[in-house]
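Residue-level listing of the chains:
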Amino acid sequence: MSVESPADALDPSKLIACPACDALYTDRDVATGETARCARCHAVLEAPRRTAMTRIIMLALSALILMVAAIFFPFLELEAAGRIHRASLLDTVQAFSIGLTAPLTFAMAGLIVILPVIRFCALIYVLGPMAFGHAPARHAEFFFRLADHLRPWAMAEVFIVGVAVALVKVAGLAHIFIGPAFWAFVALVIVTVLKDNFMSRLTLWKTLERRRAS
């Protein structure tokens, strides 16, 4: 990557912007295994890796399996005054389904379950054919753009941090038993972070356009 020249500045198609600080650079091919970083803020611009698409697909599939486990297995169990209360992730989502807090049910279900699942499925749909050497799937560009736009709204990691804070406050009032769904959700957050670290948006867009043109 190099800083834009006056000639290249006349052609926006030859320019790329840093996702962190919006600095403009002339688009250049980056060899597999190398990393192009912004000279101003050192953010990663492009990082092609030989098996990146396969890894992203495997991590997305793992995340979907973990999401199913997190939804249907017991999440937490509280024991206080001789009474035991068990709750799953669905119970947590439905806790606000009565009265004025009912809209929170849809918000929680969307942010911690539905949007992440849509994002995982969209990435698998886009990258699956290309990982096996085939042409991109129909409307792959739309679904990749959708997955990218949903990234800030898929808040599974925010939910698990909130649960951890709540557990610290409740620990003195009741005995807490953490269920398998809790650990599945923790693993889901870790897998999601790893998947996002493997994914270079610019590299995937270039690959998608190149495969579509060939």
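Before reading on, note that the structure itself is shown above.
About the criteria used
Residues numbered from 1 in each chain as written. Predicted model: local features only at pLDDT ≥ 70, side-chain atom pairs only at ≥ 80, totals over all residues. Heavy atoms only, no water. Core = buried A, V, L, I, M, F, W, Y, C linked by side-chain atoms within 4.5 Å. Buried < 20%, exposed > 50% of the residue type's maximum accessible area, 1.4 Å probe, protein only. Helix = DSSP H or I, 4+ residues; strand = E, 2+ residues; numbered from the N terminus. Contact = heavy atoms within 4.5 Å. Arc of directions from axis to C-beta. Salt bridge = Lys/Arg side-chain N within 4 Å of Asp/Glu carboxyl O.

## A closer look at the nonpolar core
One recurring pattern in soluble globular proteins: nonpolar side chains tend to sit buried together.
Argument step 1. By size, the foremost hydrophobic cluster in this structure holds 30 residues, and its most contacted members are F75, L89, I112, F159, V163, F185 and L188.
Argument step 2. Listing elements by their share of this core, those giving two or more residues are α2 (52–72), β6 (74–80), α3 (89–94), α4 (102–131), α6 (156–170) and α7 (180–198).
Argument step 3. Tallying contributions element by element places α2 first for this core, with 9 residues.
Argument step 4. If near-sequence neighbours (up to four positions away) are discounted, F75 is found in contact with A87, S88, L89, F159, I160, V163, I178, G179, A181, F182 and F185.
Argument step 5. Membership of the second largest hydrophobic core comes to 15 residues, among which are I56, L127, F144 and W205.

## Things to note about helix α5 (residues 140–150)
Argument step 1. Turning to α5, its buried residues number three or more, namely A140, F144, A147 and L150. Mapping the buried residues of α5 onto a view down its axis gives an arc of 130°, with all of them on the same face. Projecting away from the buried face of α5 at angles above 90 degrees are the exposed residues F142 and H149.
Argument step 2. Against the buried residues of α5 lie α4 and α8 (201–213).

## With respect to the pattern of salt bridges
Argument step 1. Scanning all chains against the criterion turns up 7 salt bridges.
Argument step 2. For D148, the salt bridge is made with R201, and the minimal N-O distance between the two is 2.9 Å. Residue D148 is found in helix α5, and its partner R201 is found in helix α8; the two are separated by 53 residues along the sequence.
Argument step 3. On the basis of relative accessible area, D148 is assigned to the partly exposed category, the value being 21%.
Argument step 4. The salt bridge partner of R151 is D196, with a shortest N-O separation of 3.8 Å. Of the two residues, R151 is situated in the loop between α5 and α6 and D196 in helix α7; the sequence distance between them amounts to 45 residues.
Argument step 5. Given a relative accessible area of 38%, R151 falls into the partly exposed group.

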